Amino acid sequence: MSLIEPHGGKLVDREARGAERESLLRAAAAMPELTLNAREESDLELIAQGALSPLEGFMGEGDYLLVRDQKRLANGLAWTIPVTLSTTEHERAKLKIGDDVALRSRDGRLLAALHLAEIFKYDKQLEAERVYQTIEDKHPGVKALYAQGEYLLGGQVTVVDLPRRHEFAPHRRSPRELRTLFAERGWRSVVAFQTRNPVHRAHEYIQKCALETVDGLLLHPIVGETKSDDIPAPVRLRAYEVIIEHYYPQSRTQLAVLPAAMRYAGPREAIFHAIIRQNYGCSHFIVGRDHAGVGNYYGTYDAQLIFGYFDPGELKITPMFFDNTFYCRRCDGMASLKTCPHDQSQHVSLSGTRVREMLSQGEIPPVEFTRPEVAQVLIDGLRHMTAAA
Ligand SMILES: [Zn+2]
């Protein structure tokens, strides 16, 4: 038995190497140019390395409309989030179909060539309504969508340089690298845990419950663009290293960063996150309550229920659903709403706001809530942030 196959059967590779890369670098000087925003840079990196297989570039209109309206690509494969490149009316005037367009990072580096196949207008409000289930610009994903240009550019990309390669370098692993690593370790089944938050006892419990039934655990935090009030990625990463060092079996745990940008599209993003993890070689994916949600835009279990939209076999990766978990004094252990019969007064649970408050005052939350080693990293990290501000 080997690892799960990528979505669509083949791991995409859009990175140019050797002579192809050299000639593209030379040709780029004469190409029209576009500067990518943070989210587009993240998407480009994911496309380049196959994390978004079978996508080989930014979506054309056929894929875009079907994804928006029916949660599928034009070829019928499940897909829930538009992966698009927008441009303004003004910039569009410089481009024509068939062009190679130089895509640059915000700091001016040449990242890739877009082989421009389509230019099309799109309905932002309809995308907001279907993908985010709200047209309110208070929603961070909708706000970003409304800020985009009026046109979308579709076409394959060929990448000459990945964005921000140096950040978190030791933990940056492409789908190919992780697949090799899993195979070397003899893991056939791997469960991925998606997170943009530090790991507290509740998450640790869920991960370990899942690990009881598979060969390996991939702790796969997102380090692309997140909301400004999320804990900064370098601090979170240190906290993951520390909790793994003290509380996880090294031989069954792998930490890697996912350079994706959060869209906060709730249920649709849960499917997107699952497909991405399949491409990284994971057979299972943990979906908790309110996965990738924000505010009160989605129902608590919507991100789990959406998996029922697809026919069996459409998604090869197996979701593992978890309810809210906590330490219960009466059970004398970690438990969930599913497994603990006691009322809330027995549960040790703290709101995110309260935890943040305690940490910023240098206070270590109860050991039933968070590991002291993790709390210390977060306290130091927040102190450092305040000092820098
Ligand atoms: Zn209990």
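Quick note: structure is the one above.
No experiment lies behind these values; they were computed from the predicted model shown. (Residues numbered from 1 in each chain as written. Predicted model: local features only at pLDDT ≥ 70, side-chain atom pairs only at ≥ 80, totals over all residues. Heavy atoms only, no water.)

Enquirer: How should I be thinking about the pattern of salt bridges in this particular structure?
Expert: Note on pairing: side chains with opposite charge can pair once their charged atoms come close. With the rule as written, the count across this model stands at 23 salt bridges. In this structure, Arg 104 and Glu 33 form a salt bridge, with 2.8 Å as the shortest nitrogen-oxygen distance. Taken together, the residues span a long stretch of sequence, with Arg 104 in strand β4 (residues 100–104) and Glu 33 in strand β1 (residues 33–35) at a distance of 71 residues. Judged by its relative accessible area of 19%, Arg 104 is buried. The structure contains a network of salt bridges with shared partners spanning Asp 13, Glu 15 and Arg 17. (Salt bridge = Lys/Arg side-chain N within 4 Å of Asp/Glu carboxyl O. Helix = DSSP H or I, 4+ residues; strand = E, 2+ residues; numbered from the N terminus. Buried < 20%, exposed > 50% of the residue type's maximum accessible area, 1.4 Å probe, protein only.)

Enquirer: How do you make sense of a nonpolar patch on the surface when you look at a structure like this?
Expert: A cluster of nonpolar side chains, namely Tyr 301, Leu 305 and Leu 337, defines an oily patch on the protein surface of about 300 Å² accessible area. Looking at the secondary structure, you find Leu 337 in the loop between β13 (333–336) and β14 (347–348). (Patch = residues over 30% accessible without salt bridge, like charges linked within 9 Å, V, L, I, M, F, W, Y side chains within 5 Å. Areas by Shrake-Rupley, 256 points an atom, 1.4 Å probe, with all protein chains shown as cover.)

Enquirer: Just checking my understanding: could you explain the coordination of the zinc ion for this structure?
Expert: Octahedral six-donor coordination of a metal ideally yields angles of 90 or 180 degrees, compared with 109.5 degrees for tetrahedral four-donor coordination. The coordination sphere of the zinc ion, as far as protein atoms go, consists of Cys 328 (SG), Cys 331 (SG), Cys 340 (SG) and His 342 (ND1), spread over 2.2 to 2.3 Å. In this structure, the zinc ion is surrounded by four donor atoms whose angles at the metal cover 103 to 117°, and the resulting shape is tetrahedral. Read in sequence order, the donor residues coordinating the zinc ion give the pattern C-x2-C-x8-C-x1-H. The exposure class of Cys 331 is partly exposed, given its relative accessible area of 34%. (Donors = N, O, S within 2.8 Å, 3.2 Å for Na, K, Ca; no water. Tetrahedral: all angles 85-135°; square planar, octahedral: opposite > 155°, others 65-115°.)

Enquirer: Help me understand the sheet that holds strand β12 (residues 325–328), please; the structure alone is not making it clear to me.
Expert: Sheets are built from strands paired through backbone hydrogen bonds, the pairs being either parallel or antiparallel. Strand order in the open sheet made by the three strands is β13-β12-β14, with antiparallel pairing throughout. Two strands lie at the open edges of the sheet, namely β13 and β14, each paired on one side alone. (Pairing = 2+ DSSP bridges.)

Enquirer: For this particular structure, what's the right way to read the side chain of His 200?
Expert: Among the structural elements, His 200 can be located in the loop between β7 (190–195) and α8 (201–211). Relative accessible area serves as the criterion here: at 12%, His 200 is assigned to the buried category. Polar contacts involving the side chain of His 200 include one to the side chain of Thr 370, which spans 2.8 Å. With residues near it in sequence (within four places) discarded, His 200 still touches Val 355, Phe 369, Thr 370 and Leu 378. (Polar contact = N/O pair within 3.5 Å; in protein donor to acceptor, adjacent residues only side chain to side chain. Contact = heavy atoms within 4.5 Å.)

Enquirer: Which parts of the structure should I look at to understand the sheet that holds strand β8 (residues 216–221)?
Expert: On the basis of which strands lie adjacent, the open sheet formed by five strands has the order β9-β8-β7-β10-β11 and parallel pairing. Whereas interior strands pair on both sides, the edge strands pair on one side only; in this sheet they are β9 (253–255) and β11 (318–321). Here the average twist between neighbouring strands, direction ignored, is 25°. Packed on one face of the sheet, helix α9 (residues 233–247) meets β7, β8 and β9 and runs near 160° to β8. (Axes fitted to C-alpha atoms, helices over the stretch in contact; angles between N-to-C directions.)

Enquirer: Which parts of the structure should I look at to understand helix α3 (residues 61–70)?
Expert: Quick reminder: α-helices carry 3.6 residues per turn. Residues three or four places apart thus point the same way. Residues Tyr 64, Val 67 and Arg 68 constitute the buried set of α3. Burial along α3 is one-sided: seen end-on, the buried residues are contained in an arc of 95°. The elements touched by buried residues of α3 are β5 (110–121), α5 (124–132), β6 (151–159) and α10 (267–279). The first or second residue beyond α3 is Lys 71, which carries a positive phi of 60°. (Arc of directions from axis to C-beta.)

Enquirer: Looking at this model, I keep getting lost on the pairing of β12. Mind explaining?
Expert: Both faces of the sheet carry side chains from a regular strand, because those side chains alternate between them. Going residue by residue along β12, you find Thr 325 and Tyr 327 tucked away on one face and Phe 326 and Cys 328 tucked away on the opposite face as well. Here β12 runs beside β13; their pairing, made up of four bridges, is antiparallel. When the bridges of β13 are listed, Phe 326 appears paired with Ala 335. What sits between β12 and β13 in their antiparallel hairpin is a turn of four residues, with Asp 332 showing a positive phi close to 60°. Relative to β14, β12 runs antiparallel, the two sharing two bridges. Across the sheet, the residue bridging to Tyr 327 is Val 348, located in β14.

Enquirer: Would you mind showing me how to read unusual backbone geometry here?
Expert: What is expected of a backbone is that most residues other than glycine have negative phi and most peptide bonds are trans. Residue Pro 54 follows Ser 53 across a cis peptide bond; omega there is 10°. For Lys 71, which is not glycine, the phi torsion reads 60° and is therefore positive. Mapped onto the elements of the fold, Lys 71 is located in the loop between α3 and β3 (86–87). We classify Lys 71 as buried; its relative accessible area is 16%. With a phi angle near 60°, Tyr 264 is a residue other than glycine that sits in the positive phi range. Assignment of secondary structure puts Tyr 264 in the loop between β9 and α10. Here Tyr 264 falls in the buried class, since its relative accessible area comes to 3%.

Enquirer: Got a minute to help me understand the packing of aromatic side chains in this structure?
Expert: Where two aromatic rings form a pair, the distance of their centres and the angle of their planes describe that pair. The tally for this structure, following the rule as stated, stands at seven aromatic pairs. With a centroid separation of 6.0 Å and an interplanar angle of 90°, the aromatic rings of Tyr 64 and Tyr 122 are classed as edge-to-face. Of this pair, Tyr 64 sits in helix α3 while Tyr 122 sits in the loop between β5 and α5; the two residues are 58 residues apart in sequence, bridging distant segments of the chain. Judged by relative accessible area, which is 1%, Tyr 64 ranks as buried. For Tyr 122, a relative accessible area of 11% translates into the label buried. Among the aromatic residues, ring-to-ring pairing joins Tyr 64, Phe 120 and Tyr 122 into one connected group. (Phe/Tyr/Trp six-rings, centres within 6.5 Å; stacked < 30°, edge-to-face > 60°.)

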